[in-house]
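Coordinate inspection notes
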Amino acid sequence: MTTRLANLAERALKWSALTTIARFVLQLGAQVALARLLGPGNYGVYGIGMTVLTFAAFLSGGSFSWNLMLLPKVDDEDIRFSFTWQLIAGFICAFVMLASAPAIASFFGDARVESIVQWLSLASLLTAASAPATCLLQRDLNFRTLGLIQLASYAAGYLAVGVPMALAGYGAHALAIACVVQAAVTLVGAYIARPHPLRPLLRHVSGADHLNTGRAVFFTNIVNWLLSNLDRVVIGRVLNTHFVGLYTVAYNLASIPNVLLLSALQPAFLAAGAKLQNEPKRLAQGWLLGLACVLVLITPVSVVAAMLSADVVALLYGPAWMESAWVLALLFLCLPAWTCWGLSTPVLWNTGRKHYEFLLQLPLLLIAAPAWWYFGHEGIRAIAIVSAVVIYLRAAVIITAALRALELRWTVLMPDMARGIGLAALAALAVAGGHQAVANVTLPGAALVAGGFCALAALLIVIGVRPTLLGRDTQSALGRLAPRFAPRWAAPAPADLDGQAP
């Protein structure tokens, strides 16, 4: 990697980290406020609508724009061709959502779903239209601008529109219209920041390659949607919207860190990796650096979050949502697998294996779908267990494929896995100690604060006193992002890429 590209990538990651933290706080605050105002029933209706929107967005949202990040060089004709087919896909998906809304409402047995899906069809079209500009910003590694646009759009949609509408009694429509506003602001902001040609172009000299990539993204997105959303479809069909609401809030809250991390890291790695397609060793170094940080840092965070889940739900959401606490804890434990899976898929795309992602996951889908249906009648806990198993299996399959693509072995990841598990055990003991210290305190949130504080203190002591326990790659990454906090850390040696433990 050239020095200029390395500096751009590092700057992009710093801005991604900063805006990710801001988005986490913003999304958490908005979700808590809206969940308390609307209750599980309304949230369940919106959750069904979002499941449909996610499917449409997967089909149209970026299918024909991803190629703009994968190409070594991009010209105006590439952009015009992608934008044209992106809009065509967006219009088709929006029309299908609009036309099928009555049938979808009938399938789930709730008439409120119809108007929600109709509103969200507009969000689907707007999301598709914004994809080319968004992908070009990611290609440019301009995550400062992209992060600020995402912050502004979420605030405009859910805080400026969603919360007031919820207070005014609009129910699930408050969430649907907030989603439309967010998509509209994203479209306008992304195009202003990265204007591109709008003139249609249906044929292109490299059109076959573009459409081939689009088809690969299309089928990959279908498989990913089924593996990520079929659990809620089963809940809505077998149970009711109340349980969809409980499960959706738990799933959304648990996935916020994962979604924000991947939205920051995955595009940056994909865009930088596109420029390193002929340098597999450097591509491997960047990938292993990312996985090391996830395994070492996210693993203890996921365990702490799981142990504090009941306290979080009780304090933030209230008694009406307590049934979701168990599901939340289980899904928090999936964070390392979720994130490692997301960081590994760009390796397949950047090494000419773009069809592997959906082909390797098809067998998992054939197992997961009947399992969700079979256990659906047992309640949301049983469905959550199946979902957790599926998440870890997906991560194992994709990581194995990425290791083979880079001619590595699983042993190269074992030391960082061990470090993460060790830190997780330490953090768990700290949380238990914090809970024990305030066992007789009845003040709301006391257990949450005590457990979280003790875990944070324990991890900071490790980082401050024995940073070498984090491993070379994690030390290097933290030192680059915040060198003032680690002045004594020496530059790490290159990662051992022959599959042996460093």
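Residues numbered from 1 in each chain as written. Predicted model: local features only at pLDDT ≥ 70, side-chain atom pairs only at ≥ 80, totals over all residues. Heavy atoms only, no water.

1. Some points on the pattern of salt bridges
Across all of its chains, the model carries 4 salt bridges by this definition. Taking the shortest distance from any N to any O, the salt bridge between Asp140 and Arg194 comes out at 2.9 Å. Here Arg194 lies in the loop between helix H6 (172-193) and helix H7 (207-238) and Asp140 lies in the loop between helix H4 (112-139) and helix H5 (143-167), a separation of 54 residues in the sequence. For Asp140, a relative accessible area of 37% translates into the label partly exposed. (Salt bridge = Lys/Arg side-chain N within 4 Å of Asp/Glu carboxyl O. Helix = DSSP H or I, 4+ residues; strand = E, 2+ residues; numbered from the N terminus. Buried < 20%, exposed > 50% of the residue type's maximum accessible area, 1.4 Å probe, protein only.)

2. Remarks on the environment of Ala306
Here Ala306 shows up in helix H9 (residues 280-307). Separated by 25 residues in the primary sequence, Ala306 and Leu331 have C-alpha atoms spaced 7.9 Å apart. Those residues in contact with Ala306, other than ones at most four positions away along the chain, are Ala329, Phe332 and Leu333. (Contact = heavy atoms within 4.5 Å.)

3. Quick word on the packing of aromatic side chains
Going through the model one piece at a time under the given rule, you end up with 9 aromatic pairs. Ring centres of Tyr154 and Tyr158 lie 4.6 Å apart, and the angle between their planes is 20°; this geometry places the pair in the stacked category. You can see Tyr154 and its partner Tyr158 sitting in helix H5, 4 residues apart, about one turn around the helix. Tyr158 carries the same exposure label as Tyr154, and that label is buried. Relative to Trp338, the ring of Tyr251 lies with its centre 5.5 Å away and its plane at 85°, an arrangement referred to as edge-to-face. Of the two residues, Tyr251 is situated in helix H8 (residues 241-274) and Trp338 in helix H12 (residues 335-350); the sequence distance between them amounts to 87 residues. One Lys or Arg, Arg232, reaches over the ring of Tyr251 and ends 4.0 Å from the middle of that ring. (Phe/Tyr/Trp six-rings, centres within 6.5 Å; stacked < 30°, edge-to-face > 60°. Lys NZ or Arg CZ within 6 Å of the ring centre and 35° of its normal.)

4. Observations concerning the nonpolar core
Counting residues in hydrophobic clusters, the biggest one holds 123 residues, and the most contacted among them are Tyr158 and Trp287. Broken down by element, this core gets its largest block of residues, 14 residues, from helix H14 (residues 380-405). In this structure, Tyr158 is in contact with Ala30, Leu34, Tyr46, Val163, Leu175, Ala178, Cys179 and Gln182, ignoring residues within four places of it in sequence. Ranked by size, the runner-up nonpolar core spans 7 residues in total, among them Leu141, Phe143, Leu146 and Ile149. (Core = buried A, V, L, I, M, F, W, Y, C linked by side-chain atoms within 4.5 Å.)

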